[in-house]
Amino acid sequence: VYPDQRTAELASLFVSPAHENQGIGRKLAQFVEDRARALGVTTLLALSTQAFAWFQSKAGFAEGTPDDLPPSRRDRYEQSGRKSKVLIKRLP
């Protein structure tokens, strides 16, 4: 959570291949969204190198840019060299 920016990151989401296509990933993402809202977060972030399409189609995230990251997170993003795609979701 980055309270100064009212932003949080969904930093890890994994569903075992044995449990795919059962809605578990969506339920986990929804839980994180609900918890973020309860904390007063207005923006949820995710970084992905492989599940970009899932976050867009199933979890309602949109493509963002590194500029959308809080400054401290952007520094770590740039240092990692992973070239993850940035995803963003505004929470009502």
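Now for a quick tour of the structure.

Side chains that are three or four residues apart share a direction in an α-helix, a result of its 3.6 residues per turn. Helix length check: helix α1 (residues 24-38), at 15 residues, gives a terminal C-alpha distance of 21 Å against a target of 21 Å (1.5 Å per residue), a fit within 8%. Of all the positions in α1, only Gly 25, Ala 29, Glu 33 and Ala 36 are classed as buried. One face of α1 carries all of its buried residues, which in axial projection span an arc of 70°. For α1, the exposed residues set more than 90 degrees away from the buried face come down to Lys 27, Phe 31 and Ala 38. Buried residues belonging to α1 abut β2 (43-48), α2 (52-57) and β4 (85-90). At the C-terminal side of α1, Gly 40 shows a positive phi close to 85°.

Counted by the stated rule, this structure contains two aromatic pairs. With a centroid separation of 5.2 Å and an interplanar angle of 85°, the aromatic rings of Trp 54 and Phe 55 are classed as edge-to-face. Ring geometry for Phe 55 against Phe 61: centres 5.4 Å apart, planes inclined by 85°, an arrangement best described as edge-to-face. Just as Phe 55 is buried, Phe 61 falls in that class too. Through a chain of ring-to-ring contacts, the aromatic side chains of Trp 54, Phe 55 and Phe 61 assemble into a single cluster.

Examined against the element boundaries, Ser 16 turns out to sit in the loop between β1 (7-9) and α1. Residue classification places Ser 16 among the partly exposed positions, given a relative accessible area of 28%. Separated by eleven residues in sequence, Ser 16 and Lys 27 place their C-alpha atoms 14 Å apart.

The sheet built from four strands is open, its strands ordered β1-β2-β4-β3 with mixed pairing. Here the strands that pair on one side only, and so sit at the sheet edges, are β1 and β3 (62-63). Bridge count between β1 and β2: three bridges; the pairing is parallel. Looking at β2, one finds that Thr 7 is bridged to Thr 43.

Rules of the game
Residues numbered from 1 in each chain as written. Predicted model: local features only at pLDDT ≥ 70, side-chain atom pairs only at ≥ 80, totals over all residues. Heavy atoms only, no water. Helix = DSSP H or I, 4+ residues; strand = E, 2+ residues; numbered from the N terminus. Expected span 1.5 Å × (residues − 1). Buried < 20%, exposed > 50% of the residue type's maximum accessible area, 1.4 Å probe, protein only. Arc of directions from axis to C-beta. Contact = heavy atoms within 4.5 Å. Phe/Tyr/Trp six-rings, centres within 6.5 Å; stacked < 30°, edge-to-face > 60°. Pairing = 2+ DSSP bridges.

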